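Residue-level listing of the chains:
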Amino acid sequence: MNKQLIQKFLDKACYDEQCQIELDDVVDLEKFAELIVKECAEQIELMRKRVEEYGPPPGYDSDTFRLAYNDSIDTIKEHFGVEE
């Protein structure tokens, strides 16, 4: 995981440093962030499967949609530093 990005989110979410310390004591923040990113990627994967099953919206082609979904998943994981 991208620890600097996690820290950036903590800085925005916590009132002060003590809040961050207490949160870090009870939660594995890196694992928590990784699970959120993986869940987002899984939702994109589900959308891709629906397009494969039911077809893309009128006027769009399946291959374009499939590539866009795959690229989205890869981009999100790469941005957050999540490995398979």
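Residues numbered from 1 in each chain as written. Predicted model: local features only at pLDDT ≥ 70, side-chain atom pairs only at ≥ 80, totals over all residues. Heavy atoms only, no water.

Colleague: What is the right way to read the nonpolar core from this model?
Modeller: Note on soluble globular proteins: their nonpolar side chains tend to be buried together. Listed in full, the ten residues of the largest apolar core are M1, L5, I6, L10, C14, L29, A33, V37, F80 and V82. At the level of secondary structure, the elements contributing two or more residues to this core comprise α1 (3-13) and α3 (29-54). Residues V51, F65, Y69 and I73 belong to the second largest nonpolar core, which totals six residues. (Core = buried A, V, L, I, M, F, W, Y, C linked by side-chain atoms within 4.5 Å. Buried < 20%, exposed > 50% of the residue type's maximum accessible area, 1.4 Å probe, protein only. Helix = DSSP H or I, 4+ residues; strand = E, 2+ residues; numbered from the N terminus.)

Colleague: Sorry if this is basic, but what is going on with the pattern of salt bridges here?
Modeller: Where charged atoms from two side chains of opposite charge come close, those side chains can pair. Under the counting rule described, the total for this entry stands at four salt bridges. For the salt bridge of K38 with E34, the shortest nitrogen-to-oxygen distance reads 3.1 Å. In this pair, K38 and E34 are both assigned in helix α3, four residues apart and thus about one turn of the helix distant. Classification of E34 as buried rests on a relative accessible area of 18%. Through salt bridges with shared partners, one network takes in E45, R48 and E52. (Salt bridge = Lys/Arg side-chain N within 4 Å of Asp/Glu carboxyl O.)

Colleague: Any chance you could explain the packing of aromatic side chains here in plain terms?
Modeller: Centre-to-centre distance and the angle between the planes together describe a pair of aromatic rings. Applying the stated criterion to the full structure yields one aromatic pair. A ring pair is formed by F9 and F80, whose centres lie 6.3 Å apart and whose planes are at 35 degrees; its orientation type is tilted. One end of the pair, F9, is in helix α1; the other, F80, is in helix α4 (residues 62-80), and 71 residues separate them in sequence. Judged by relative accessible area, which is 41%, F9 ranks as partly exposed. (Phe/Tyr/Trp six-rings, centres within 6.5 Å; stacked < 30°, edge-to-face > 60°.)

Colleague: Help me understand the confidence of the model for the protein chain, please; the structure alone is not making it clear to me.
Modeller: Do not read the fine detail of predicted coordinates wherever pLDDT is low. Taken over all residues, the pLDDT of the protein chain has a mean of 86, while the share at 70 or more is 99%. Within the protein chain, α3 carries the highest mean pLDDT (89), whereas α4 carries the lowest (85). (pLDDT = per-residue confidence, 0-100.)

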